[in-house]
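Descriptive structure summary
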Amino acid sequence: MSAFLSYLISGLAIGCTFALVASGFVAIHRVTRVVNFAQGTFPVVAGLTVSSMLGRGLPHGVAELIGIVLAGVIGLVVGVIAIGKRGTPTLASLVITLGLGILAYAFEIIVWGDQPVSYSMLRGAVDIGGARVAWQYFLVIGATLVTFAALGLFFTRTYLGKALSACASNPYAARLAGINPIRMGLLAFALGGLLGGLAGVLITPLQPVAFDSDVLLATSGFAAAIFGGLNSPYAALVGGLLLGVLEAFVAGYINASYQTEVAMVLIIVVMIYQASRRSTVSEEVS
Amino acid sequence: MLEVTDLVVRYGNATALDGVSLQVGEGEMVALVGPNGAGKSTLVNTLSGILRPVSGSIEVDGRLAQVPEGRQLFPDLSVADNLRLGAWRSRRRAGARDPRRIYEILPDLERMAKQPAGTLSGGQQQMVAVGRALMADPDILAVDELSLGLAPLVVADLVRHLRELNASRGTAVLLIEQNARLAFDLCERAYVLESGTITMSGSSAELSRSDAVARAYLGGLTDSEAS
């Protein structure tokens, strides 16, 4: 029972970070139709940055903030390169993000080396049903829920958020209204960077991060994001939590080395299911 | 108000508009009729800045807003949000985003304010599209295919609103229509666009008496014969 509970809670927490990465995929895809292959870079850079900042004696809070903002700036830069030129085909943008994600390895190794880093944020643990659960897990879950609530308010209550939704919903009509789709796309990339950065800042104390952690994070985030067809942040949250818990149980009860395979299998199952639900009629219409 | 001179627009090697010139005066209602593929939507998208002309000029004295063909709403956003986004260009001006000023002109929209635009009927959606364009406080409204796919009664209601708008605010209208009878009925002047060039122009009365126009657009009968 106590093992079950601790797997569940740690799974939920890790799932939350997947959901944050996933919501970055969703924000960018909704507005630009680009699947951002560099999405895994944002949490890695944020985690590595926070680790260095703490090493230089910066206090908690400030270090994390710098890590998240830097990830947001990198998101913006990726956006400028991938979609900044008007008329860039979506597929070209996608390949550019893939290239930038790989290029980032070089920078990361030069700046931080190739060894995994970690740091502690919240110390201490709490006893739940006989299981010792670190406070950090609850911090991750709480921060994620607050972020998703804020995202929901941003997209449905603010004028800028509605303009982003309008670009996602009908880019032609948005242009007629004078909404610049490239600017909105860049905003989405910056937002994707911030969300990925937050995920990295939160997950690094739980799972050490190295330059090549982006593959696992991006794969898991993508698996969570396709739950809502890359278009619904809430479906991505559900997908992330499900994936996190599933991975934790597989790791706990079967073998920790199967974690990545769980995400891969999930991606394949969801995609086959979604493809089978698309009727011939809707294919012909679209 | 609107002065288009020798406009040429190409898609790759295909010439969609080949030297189009037309004018819309202040507070005037002008029709542009023509068959499918004549370049009507190309023209209006060029006026809106979505397409770039190869040559020629467009001079607009004031603001131009487009009611696009097929409504082109944001289906998952509410009617009120669709309207608000119509004011994007003037969003920083006080009160610019308030959809209530549109409810005074199109009162039916107030009732549907909270409904997702995608759930409305075609006529209601067309009204939202008109309202959204009006949120930009246009001096000239380019309406692309107002009547397409709508029932005659619904079209009559929309036409009444356009007339009122023109009379009370002096908003000029460029009406792009396949339904020539409707266009001639609403507008004093008209242009006929065929294969990317203006082939005829004049007062609606003159044009509707012309045999060529009658054959092509009025089902073979000139207006005097029809009545």
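Residues numbered from 1 in each chain as written. Chains lettered and ligands numbered in written order. Predicted model: local features only at pLDDT ≥ 70, side-chain atom pairs only at ≥ 80, totals over all residues. Heavy atoms only, no water.

**A short note on the packing of helix α5 (residues 122-134) of chain B against helix α6 (residues 152-169) of chain B**
All names here are of chain B. To be explicit about the condition: An axis is simply a line fitted to the C-alpha atoms; with a helix, the fit covers only the stretch in contact. Between two such axes, the angle follows the N-to-C directions and lies from 0 to 180 degrees. In this description a helix means any DSSP run of H or I spanning at least four residues, a strand means any run of E spanning at least two, and both kinds are numbered starting from the N terminus. Our angle categories are set so that under 35 degrees counts as roughly parallel, over 145 as roughly antiparallel, 65 to 115 as roughly perpendicular, and the remainder as oblique. It is the rotation of the near helix from the far one that decides the hand of a crossing: anticlockwise by less than a right angle makes it left-handed, clockwise makes it right-handed. When checking whether two residues touch, look at their non-hydrogen atoms; a contact exists if any pair is within 4.5 Å. Ten residues, namely Ala, Val, Leu, Ile, Met, Phe, Trp, Tyr, Cys and Pro, are considered nonpolar, four, namely Asp, Glu, Lys and Arg, are considered charged, and the remaining ones, Gly among them, are considered polar.
Viewed as axis vectors pointing N to C, α5 and α6 meet at an angle of 15 degrees, and their least axial separation amounts to 10 Å. Classified by the interaxial angle, the pair formed by α5 and α6 is roughly parallel. Like other packed secondary-structure pairs, α5 and α6 cross with a definite hand, here right-handed. Counting all contacts with α5, which are made through Gly123, Gln126, Met127 and Leu134, the residues of α6 involved are Val154, Asp157, Leu158, His161 and Leu165. Across the contact of α5 with α6, the residue classes break down as 5 nonpolar, 3 polar and 1 charged.

**Digging into the confidence of the model for chain B**
Where we set the bar: Values of pLDDT, ranging from 0 to 100, describe the predictor's confidence in every residue of the model.
Residues with a pLDDT of 70 or more make up 96% of chain B, whose mean pLDDT is 91. When pLDDT is averaged over each helix and strand of chain B, the minimum, 54, is found for helix α10 (residues 223-226) of chain B and the maximum, 97, for helix α2 (residues 79-85) of chain B.

**Focus: the pairing of strand β6 (residues 140-144) of chain B**
Residues and elements named next belong to chain B. Here is the rule: Under the scheme applied here, a residue whose accessible area is under 20% of the maximum for its type counts as buried, over 50% as exposed, and between as partly exposed, the area being computed with a 1.4 Å probe on protein chains only. By the convention used here, strands pair only if DSSP detects at least 2 bridges between them. When the strands point away from the viewer and the path from the first strand over the helix to the second turns clockwise, the crossover is right-handed.
Along β6, 5 of the 5 residues are buried, which leaves the element largely enclosed by surrounding structure. Side-chain alternation along β6 places Ile140, Ala142 and Asp144 on one buried face and Leu141 and Val143 on a second face that is also buried. With 4 bridges joining them, strand β5 (residues 64-67) and β6 adopt parallel strand pairing. Residue pairing across strands places Leu64 opposite Ile140, the latter belonging to β6. With 5 bridges joining them, β6 and strand β7 (residues 172-177) adopt parallel strand pairing. When the sheet's bridge partners are listed, Leu141 is paired in β7 with Val173. The handedness of the β6 to β7 crossover, carried by α6, is right-handed.

**Regarding the nonpolar core**
Under the convention used in this document: As used here, the term nonpolar core means buried Ala, Val, Leu, Ile, Met, Phe, Trp, Tyr and Cys residues forming a set that is joined through side-chain atoms within 4.5 Å.
Counting residues in hydrophobic clusters, the biggest one holds 133 residues, and the most contacted among them are Ile179 of chain A together with Leu85, Leu109, Leu141 and Leu175 of chain B. Here this core takes 15 residues from helix α1 (residues 2-32) of chain A, the largest share from any one element. Formed by 22 residues, the second largest nonpolar core is a distinct cluster that contains Leu2, Leu22, Ala38 and Leu174 of chain B.

**As for the sheet that holds strand β2 (residues 14-24) of chain B**
Residues and elements named next belong to chain B. Across the sheet, 3 strands lie side by side as β2-β1-β4; this open sheet has antiparallel pairing. Each edge of the sheet is formed by a strand with only one pairing partner; in this case those strands are β2 and β4 (55-60). The mean inter-strand angle of the sheet, taken between neighbouring strand axes irrespective of direction, is 25 degrees. Where strand β1 (residues 2-11) and β4 come together, 5 bridges link them in antiparallel fashion. Paired with Val4 across the strands is Ile58, a residue of β4.

**So, the side chain of Ser93 of chain A**
Looking at the secondary structure, you find Ser93 of chain A in helix α4 (residues 90-112). Those residues within four positions of Ser93 of chain A in sequence are excluded, and the remaining contacts are Val34, Ala82, Ile83 and Thr88 of chain A.

**Focus: the pattern of salt bridges**
If charged atoms from side chains of opposite charge come close, those side chains can pair. All names here are of chain B. Stated precisely, the cut-off is as follows: Salt bridges are defined by distance alone: a side-chain nitrogen of Lys or Arg within 4 Å of a carboxyl oxygen of Asp or Glu.
This model, assessed by the stated rule, comprises 9 salt bridges over all chains. Taking the shortest distance from any N to any O, the salt bridge between Lys40 and Glu145 comes out at 3.7 Å. Here the residue Lys40 occupies a position in helix α1 (residues 40-47), and Glu145 occupies one in the loop between β6 and α6, the gap between them amounting to 105 residues. A single burial state applies to Lys40 and to Glu145, both of which are buried. With a closest N to O distance of 2.6 Å, Arg160 and Asp157 form a salt bridge.

**Thoughts on helix α2 (residues 41-55) of chain A**
All names here are of chain A. Formally: Expected span of a helix: the number of residues minus one, times 1.5 Å.
Compared with the 21 Å implied by 1.5 Å per residue over 15 residues, the 21 Å span of α2 between its first and last C-alpha is a close match. Buried residues dominate α2, accounting for 12 of its 15 residues. All of the buried residues along α2 are Thr41, Phe42, Pro43, Val44, Val45, Ala46, Gly47, Leu48, Thr49, Val50, Ser51 and Leu54. Gly57, located one to two residues past α2, shows a positive phi value of around 90 degrees.

**Overview of the confidence of the model for chain A**
Averaged over all residues, the pLDDT of chain A is 91; the fraction at 70 or higher stands at 97%. Confidence drops under a pLDDT of 50 for residues 282-286 of chain A, and excluding neighbours within four residues, the segment shows 2 contacts in the predicted structure.

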